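# Geometric and topological summary
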Amino acid sequence: MMDVLITYGWNRVAYNVLRSLGKKGLKVCVGDTSKLCMSFWSRYAAEKFLYRSFYANPHEFIASLKEAFVKYKPKVYIPIHEETFVVAKYIDELKDTKVAIPISDFDTLKTLHMKNSLINLASRLEIPVPKSIQPKDLSDVREFSKEVGFPVVIKMINTNSAKGVFYAYSQSELLDIYSKLIQNLDTDQFPILQEYVRGSGYGVSLLLNRGNVRALFTHKRLREKIASGGTSTKRVSTKNNVLEEYAIRLLSEVKYHGVAMVEFKYDENNKKGWLIEVNPRFWGSLALAIHAGVDFPYLLYRMALDGDVEPVFNYEDGVVVRWILGDMLATLSYIKSQKRLKPLFDFFNFKGERFDDFYLDDPVPFFAECAYYLAKFLRTKSTNPTYEAMIEVNKI
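Just so we're clear, the structure is a prediction, and the values are computed from it rather than from any experiment.

### A word on the environment of Phe49
Relative to the helices and strands, Phe49 is located in strand β3 (residues 45-50). According to the relative accessible area criterion, Phe49 is buried, its value standing at 9%. As for Phe49 and Arg142, which are separated by 93 residues in sequence, their C-alpha atoms are 51 Å apart. Residues contacting Phe49, with those up to four places away along its chain left out, are Leu5, Ile6, Thr7, Cys29, Val30, Gly31, Asp32, Phe40, Ala68 and Tyr72.

### Topic: the sheet that holds β3
The four strands are arranged β3-β2-β1-β4 in an open sheet whose pairing can be described as parallel. Taken across any chain shown, the strands that pair with only one partner, and hence form the sheet edges, are β3 and β4 (76-78). Geometrically, the sheet is characterised by an average inter-axis angle of 20° between neighbouring strands, direction not taken into account. The pairing of strand β1 (residues 4-6) with β4 spans three bridges and is parallel. In the strand pairing of β4, Ile6 is matched with Ile78. In the packing of helix α10 (residues 296-306) onto the sheet, contacts are made with β1 and β4, and the angle to β4 comes to roughly 140°.

### A few points about the side chain of Asp357
Locating Asp357 in the fold gives a position in the loop between β15 (354-355) and α13 (364-380). Reaching out from Asp357, the side chain makes a polar contact with the side chain of Trp323 at a distance of 3.3 Å. At a separation of 3.3 Å, a polar atom in the side chain of Asp357 contacts the main-chain amide nitrogen of Leu325. Each residue touching Asp357, except ones within four places of it in the same chain, is listed here: Arg12, Tyr15, Met38, Arg322, Trp323, Ile324, Leu325, Phe366 and Glu369.

### Side note on the pairing of strand β2 (residues 28-32)
On a regular strand, one side chain projects to one face of the sheet and the next to the other, so that they alternate. Where burial is concerned, most of β2 is hidden: five out of the five residues are buried. Going residue by residue along β2, you find Val28, Val30 and Asp32 tucked away on one face and Cys29 and Gly31 tucked away on the opposite face as well. Direction of pairing for β1 relative to β2: parallel, over a ladder of three bridges. Bridge pairing in β2 places Val4 opposite Val28. Across five bridges, β2 lies against β3 in parallel orientation. Residue pairing for β3: Val28 is matched across the bridge by Ala45.

### A word on the sheet that holds strand β10 (residues 212-224)
Each strand in a sheet pairs with another by means of backbone hydrogen bonds, the pair being arranged parallel or else antiparallel. An order of β13-β12-β9-β10-β11-β14-β15 is seen for the seven strands of this open sheet, with the pairing classed as mixed. Either end of the sheet is taken by a strand with one partner, and the two such strands are β13 (272-279) and β15. Pairing geometry for strand β9 (residues 200-209) and β10, over eight bridges, is antiparallel. Among the inter-strand pairings, Leu206 is bridged to a residue of β10, identified as Leu216. Strands in contact with α10 are β9, β10 and β12 (258-267); relative to β9, the strand with the most contacts, it is inclined by about 20°. Along the sheet, helix α11 (residues 324-338) makes contact with β10, β11 (232-238), β14 (320-322) and β15, crossing β10 at roughly 40°.

### Overview of the pattern of salt bridges
Taken as a whole, this structure holds 23 salt bridges when the rule is applied. Across the salt bridge formed by Glu224 and Arg221, the nearest N and O atoms sit 2.8 Å from each other. For Glu224, a relative accessible area of 17% translates into the label buried. Take Arg221: its relative accessible area is 13%, and that puts it in the buried class. The partner of Glu353 in a salt bridge is Lys234, with the nearest N and O atoms 2.9 Å apart. Separated by 119 residues along the polypeptide, Glu353 in the loop between α12 (342-347) and β15 and Lys234 in strand β11 bring together distant segments of the chain. By relative accessible area, which is 11% here, Lys234 ends up buried. In the salt-bridge network here, residues are joined through shared partners; they are Arg223, Lys234, Arg322, Asp327 and Glu353.

Calculation criteria
- Each residue is numbered by its place in its chain's sequence as written, counting from 1.
- It should be noted that, the model being predicted, local features are given only for residues of pLDDT at least 70 and side-chain atom pairs only at 80 or more, the latter also being counted only at that level, while totals for whole chains, interfaces and linings use all residues.
- Processing note: side-chain calculations cover all non-hydrogen atoms of the structure and skip hydrogens and water entirely.
- Secondary structure is summarised from DSSP: a helix means a run of H or I of at least four residues, a strand means a run of E of at least two, and numbering begins at the N terminus for each.
- Each residue is assigned to one of three classes by its accessible area relative to the maximum for its type, calculated with a 1.4 Å probe on protein chains only: buried under 20%, partly exposed between the two thresholds, exposed over 50%.
- Should any heavy atoms of two residues lie within 4.5 Å, those residues are considered in contact.
- Pairing between strands is defined by DSSP: at least two bridges between them are needed.
- Helix axes are fitted to C-alpha atoms over the stretch in contact, other axes to C-alpha atoms as well, and angles between N-to-C directions run from 0 to 180 degrees.
- Pairs of N or O atoms within 3.5 Å make up the polar contacts considered here, provided that, within protein, one atom can donate a hydrogen while the other can accept it, and that residues adjacent in sequence are counted only when both atoms are side-chain atoms.
- We define a salt bridge as a contact between a side-chain nitrogen of Lys or Arg and a carboxyl oxygen of Asp or Glu at a distance within 4 Å.

The structure is reproduced here in structure tokens:
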């Protein structure tokens, strides 16, 4: 019998969930689609299993889960990434297993994930967002660009990190990108256009119990994997009362249950923030919160078992954590965009830093992660491939 079962074990987020729970003495079973899964190689993995891809066939994934529940008998199941949407959609098929699954309902997850519904919700709650429009035709596109200037941000309504996000620096470029994106799309699926707001990237991470906050953590991005934006590779723990209030207001309104990270841009000179997106699941910089003293995975596990946990709002400020492999890719991106070698010197400054994916007590998973990314690069010729990396939530 396992204490916990987790999925999407190939990435560092699942690995840090595994470490958190395994170091507490819990028996954790890890699932993934690939034998190169970094968590499979961890000393903290009590059991491991392969499942069918939730991207390719959600129904077969749910069947795989049910088989794993029967075999390993976990008390709690924690989905890590976008399989959370699939599990929420078909949660009724898993209820007879009696496994606790601490996530929100599908409609809530979808509302927070889809860019058009999130913007509408934030506007109703008077939470600032960049000026936005979902154009009906190219004339709307032209008028919006005249209003906000360039660059203009183009977002598919279903996005994940930098995937599905584009930047246009002139009207001709904007019209070209937008025209290509809307081919074969219904009007209600047309991309969102947003003004480009300048500021630092911040994330407010929370654990909520039916809308009541049980843990809170804020970080500031220091570097991202792609120079134009996307997954963070280096961040620092901090505080920000303005953004924290926005995040709490948003998630409390929808009675959110489970973990989530709310992403913002923040103008530090004018003390003004804008909501960018919500990850209604675990997030890429999870290791930073754990290192700083907010152990979200263990708190989520205890809440699932016991019904509630004591709130955790205090943590260490100024902790810097880096995703080593991602930061290697970020360094290459910055060197290419800046056409200078300073990012290379920045990369080798490790003083006082901790890491997402390399731990001296469990080093093998890091090398498995490198092998996985190499295999993916050889298959897709990209360090940020969209293939099997972005689920169509509205089509599950």
